[in-house]
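Letter by letter, the chains look like this.
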Amino acid sequence: MEYNFKEIEEKWQKAWKKNKSYTINNNSSKPPFYVLDMFPYPSGAGLHVGHPLGYIASDIYSRYKRLKGFNVLHPMGFDSFGLPAEQYAIETGQHPADTTEKNISTFKKQLDKIGFCYDWEREIRTSDSNYYRWTQWLFLKLFKSWFNPLTQKAESIESLINIFENKGSFKSIARSKHHFTAQEWNDFSLKSKLDILMDYRLAFSAFGEVNWCEILGTVLANDEVVNGVSERGGHPVVKKKMRQWYLRITDYADRLIDGLNTVDFSDSMKEMQRNWIGKSEGAELIFTLEKSQLEIKVYTTRPDTIFGVDFLVLAPEHELVENITTSEQRKSIHDYLVYAKNKSDRERLSDVKQITGCFTGAYVINPLNDRKIPVWIAEYVLSGYGTGAIMAVPCGDQRDYLFAKHFNIPISNIIGDCYNGNEANPTKEATLTNSEFLNGLSMKKAISMVIDKSEELGIGKRKINYKMRDAGFSRQRYWGEPFPIKWEDGKVLTLNEDQLPLTLPHLEKYGPGPEGEGPLANVAAWKKDGFETSTMPGYAGSSWYFLRYMDPKNNQTFCDRKASDYWGQVDVYIGGTEHAVGHLLYSRMWTKVLHDLDLIGFDEPFKKLVNQGMIQGSSRFVYRIKGTNTFVSNGLKNEYELDELHVDVNMVDGVELNIELFKKWKPDFAEAAFILENDKYICGCEVEKMSKSKFNTVNPDDLVNKYGADTFRMYEMFLGPIEQSKPWDTKGIEGVHRFLRKLWRLFNDDIKGKVWTTEKASEAELKILHKAIKKIESDTDQFSFNTAVSAFMVCVNELTDLKCNKKEILENVLILLTPFAPHISEELWSQIGNNGSILDAMYPHFDGKYLLETSKEYPVSINGKLRTAISISLEASQSEVEEIVLANDIVRKWLEGAPPKKIIFVKGKMINVVV
RNA sequence: GCCCAUGUGGCGGAAUUGGUAGACGCAGCAGACUCAAAAUCUGCCAUUCGCAAGGGUGUGAAGGUUCGAUUCCUUUCGUGGGCACCA
């Protein structure tokens, strides 16, 4: 009987579906365990081999936990709102709802073929109104809450109103621009009150910059802007201020940092989040303009360098630029502003070779020594960070140094010998000079002295600053959640709970509205009713979806408290690092808000995070001689002028092109001629992102059809460590397939049929089994699936060598294998006479007694170089070992009669003789 | 530019806390079985010197710490990901 994977996989997938084997109940006596994948965006291209990498890992882990006796929640859904669906709709004239529906059904079909254990009864889609109803509901919760700095928690906005009504704005809770008494507050108009409250709400509306393309009449995503012009059409793009919605994530900055100590994320992931939040401690110092009352606030982490300030630099967008520019400088400043307006923040920061800037003509006075300091503007200062103005200290900061050199600004030295005149020295260790009352002090000490002094003189204060900005929460797009918000005479109104969901109207055209408003502005009724015309961003739905899976069908609330209390945090969350600072921070923030409002019982969503690497495409190229239909092999291409064309990787065996397939690929190539090397056409290779347009995608369906889901699953895991990125290569899949066939042959012979027996296992066989249990169990626990697969291979190879066909051994191997290759395991499990499903078998127990050893083959090195190995009892002491080692011929040869300096003996590891 | 990751045979990769570098697999080579092929099985497989025994060199590069470094430190180069409206 042969291993007919196709039949077996169909049979068991059907059986599991019929028996509802993956339906999970919220009531169970077993302990709960929640394993979650980052849900996919259902793109039109369907699943490629990169997608399932994380899904297979989480599936293995879920099944493993189930075998270990847990009630495992392992759901799947779709992040189905987003920009690409809308672009696709514009291009093809299909409605995003239709294409999304179609794409999801393709995805599901593909996922099911791989044999995942999802509970599809819990499926969610963010674009489903039954789902986004609760996204809107949660948005209103955010809108109606504020962050109380005294309690460090979100509270209902009512509590803030209460404070204002009774105490007015008092210092420890009010934002700096608000000063009013209770009486004044009570006398404010409703509009003024709402405007003030807007400055506290966790979801709020304010003016912010967007990428604006005048010619397309639309706001563009960063993705759609390439080198300062629109990707479509190459039209100029500038920054434009527009009313936007934001989430006040900055209020949660400290808690987002602190929370990292309570979760099991990789250190690098935590580091990325900390860097993104970018907390720094320093001071805000005030420089007053010469001959004017105007003040410029700068933020600095190095107030100790105050006497080394040689100039100030403002961001081009700084609000004072207009006011302070002198008439002589007006023209050049204006030109510079035009120049800077066209550049993105990233371009402005990365272009360090080219130093640009412009003098405003104005001077400020250094508040500590009355020195006159010129004020410049330059693109390397960003308006969004700190105060949008810096004090430049060229001897201590390299960018300031280069700027000063470039514009011939004299440089003061305040660190004596530590500054060599050729480059800045950013040290904190130097002793200060030319710094008046700081002379002779170490810079570290001076930092707090300067802050204290500034506070005393009223020219500055201690300040904690964050790089992170509040999260932009509106998009001038169609395919997203509508805001449950109405505008009436500039006043913001919210919909009532019973008016939700506010459904997205069905549009036929998705072009931008007037003045860069979203497409919804084109809907007369929508506009007339005053509904918000922008929609929520892609991350709205994904910020809380893990909660909905716990209670997906609830019509009364987003997730019943009982359900979230039962399941608790996501125990293991698997997904790519590309979400490090977006989705992962937003969902952490939402969780904290929901916890503060007592809607859930935990304040971090994900207990453990596993980052799977990205599977890259391995592109293949052919080279066509310019103006001809002749293709030249890679090795000979230097002799010609060529066009490089992507060719479908599926037509290439390694690097050798299958010419017949290539000719059939596109009509243009049917008559193509080839210049070969060694009778072969060799393609060029490059690692790129996997994408349809590069013809480097590999469809999992093809591999599942050819080798079966079990082989596919194990091969993806066998490729390498889960967290590592690597280019896809189908070549090795045969090896895994051979392994499964070899396993099959332990039970069934192609000719003889059944060969498994019920004989008693030998010591040697038990040793093999327990070695495998130990290795595979610990590897699975650590998500080291590639080494687990290799342990299976070793185990089956060894059992084959011993001709072990014993049920006592093999059935345990099957249970171990179930998480990796569920179909073949279930089939063989039933063949050897089990009635129940292997999905609910008991994971075998490792017993160390089978692995006990009494001696070890010790490697013996001379001066750290391996020379021989000696078998020595594990009991042996240092002196016994030394005796044995020195008696060894090879060791004596290397010693050449001299006594050894030292013998290093590490019990159970190695021996090193130092000569 | 900044942040994070990463670099080991022809290829994917392995190597608990520094302790036998190259497990397992792919590809390749030689052989067995076969009329033949497929499948399967056996052996070889970092590099170099050597008939062999054995030796030299090897984990991107250069230094350092150590009895001993793929592993720790410093510098440097390459590659991948992210950088706020892609998700």
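Quick notes on the rules
Residues numbered from 1 in each chain as written. Chains lettered and ligands numbered in written order. Predicted model: local features only at pLDDT ≥ 70, side-chain atom pairs only at ≥ 80, totals over all residues. Heavy atoms only, no water. Helix = DSSP H or I, 4+ residues; strand = E, 2+ residues; numbered from the N terminus. Buried < 20%, exposed > 50% of the residue type's maximum accessible area, 1.4 Å probe, protein only. Pairing = 2+ DSSP bridges. Axes fitted to C-alpha atoms, helices over the stretch in contact; angles between N-to-C directions. Domains from an automatic or database assignment. Near = heavy atom within 4 Å. Polar contact = N/O pair within 3.5 Å; in protein donor to acceptor, adjacent residues only side chain to side chain. Nonpolar A, V, L, I, M, F, W, Y, C, P; charged D, E, K, R; others polar. Phe/Tyr/Trp six-rings, centres within 6.5 Å; stacked < 30°, edge-to-face > 60°. Salt bridge = Lys/Arg side-chain N within 4 Å of Asp/Glu carboxyl O. Expected span 1.5 Å × (residues − 1). Contact = heavy atoms within 4.5 Å.

Chemist: Teacher, can you tell me more about unusual backbone geometry here?
Modeler: The general pattern is negative phi for most residues beyond glycine and trans for most peptide bonds. For the bond from Leu500 to Pro501, the omega torsion is 0°, close enough to zero to count as cis. Even without glycine at this site, Asn408 takes up a positive phi of about 55°. Residue Glu436 is not a glycine yet carries a positive backbone phi of 45°. For Glu436, the position within the fold is in the loop between helix H14 (398-406) and helix H15 (443-457). The exposure class assigned to Glu436 is partly exposed, which follows from its relative accessible area of 45%.

Chemist: Even after reading the chapter, I still don't get the sheet that holds strand E33 (residues 865-873), so can you show me in this structure?
Modeler: The pairing of strands in a sheet comes from backbone hydrogen bonds and takes either a parallel or an antiparallel form. Pairing is mixed in the open sheet, where four strands are placed in the order E33-E32-E35-E34. With one partner strand each, in any of the chains shown, E33 and strand E34 (902-906) form the two edges of the open sheet. Between one strand axis and the next, the sheet turns by 20° as a mean value, whatever way the strands run. Taken together, the three bridges between strand E32 (residues 855-862) and strand E35 (residues 910-914) define a ladder with parallel strand orientation. Note on E35: the bridge partner recorded for Ser861 is Asn912.

Chemist: Mind showing me how you'd approach the domain arrangement of chain A here?
Modeler: Split by domain assignment, chain A resolves into domain 1 (152-200), domain 2 (280-465), domain 3 (615-688), domain 4 (702-846) and domain 5 (853-914). Taking only C-alpha atoms, the centre of domain 1 and the centre of domain 5 are 79 Å apart.

Chemist: I'm lost on the sheet that holds strand E9 (residues 238-247) in this one. Help?
Modeler: One open sheet holds the four strands; their spatial order is E6-E5-E9-E17, and the pairing between them is antiparallel. Only two strands of the sheet have a single partner each, and these edge strands are strand E6 (218-220) and strand E17 (471-472). In this sheet, E17 lies alongside E9 in antiparallel orientation, the contact comprising two bridges. Bridged to Tyr246 within E17 is Gly472.

Chemist: Just to check I follow, could you spell out the protein's contact with RNA strand B for this structure?
Modeler: The full set close to RNA strand B counts 62 residues, and Asp79, Ala221, Leu719, Arg738 and Asn912 are the nearest of them. Of what RNA strand B places within 4 Å of the protein, 67% of the atoms are sugar or phosphate. Note that a phosphate oxygen of RNA strand B is positioned 2.9 Å from one of the side-chain N or O atoms of Asn786. Considering each element in turn, the surface near RNA strand B owes the most residues, six residues, to helix H26 (residues 785-801). Looking at the surface near RNA strand B residue by residue, the classes come out as 23 nonpolar, 20 polar and 19 charged.

Chemist: Which parts of the structure should I look at to understand the packing of aromatic side chains?
Modeler: Per the stated rule, a full pass over the model turns up 70 aromatic pairs. Arranged with centres 5.6 Å apart and planes meeting at 90°, the rings of Phe631 and Phe669 form a pair that is edge-to-face. Within this pair, whereas Phe631 is found in strand E23 (residues 630-632), its partner Phe669 is found in the loop between helix H21 (659-665) and strand E27 (673-675), the two being separated by 38 residues in sequence. Take Phe669: its relative accessible area is 6%, and that puts it in the buried class. Pairwise contacts between aromatic rings join Phe33, Tyr61, Tyr64, Phe70, Phe783, Phe785, Phe792, Phe820 and Tyr843 into one cluster.

Chemist: Could you clarify how one ought to interpret the side chain of Ser280 in this entry?
Modeler: Residue placement: Ser280 occurs in strand E10 (residues 280-289). Within the structure, Ser280 has its side chain in polar contact with the side chain of Tyr299 (distance 2.8 Å).

Chemist: Explain the pattern of salt bridges to me, please; I cannot follow it from the model alone.
Modeler: Opposite charge on two side chains permits pairing when their charged atoms draw close. Applying the stated criterion across every chain, the model contains 42 salt bridges. A salt bridge links Arg66 to Asp840; its shortest N-O distance comes to 3.0 Å. Taken as a pair, Arg66 in helix H2 (residues 52-67) and Asp840 in the loop between helix H28 (822-831) and E32 lie far apart in primary sequence, 774 residues in all. In this structure Arg66 comes out as buried when scored by relative accessible area, which is 19%. The shortest N-O distance in the salt bridge between Asp598 and Arg561 comes to 3.5 Å. In this pair, Asp598 is assigned in the loop between helix H20 (583-596) and strand E21 (609-612) and Arg561 in helix H19 (residues 561-567), connecting sequence segments 37 residues apart. Several salt bridges share partner residues, and in doing so they unite Arg255, Arg588, Lys592, Asp596, Asp603 and Glu604 into one network.

Chemist: Just to check I follow, could you spell out H15 for this structure?
Modeler: An α-helical turn contains 3.6 residues, so any two residues separated by three or four positions project in the same direction. For H15, with 15 residues, the first-to-last C-alpha span of 21 Å sits near the 21 Å given by 1.5 Å per residue. Those residues of H15 that are buried lie in contact with E10 and strand E16 (460-465). Just downstream of H15 lies Gly458, where phi reads positive at about 70°.

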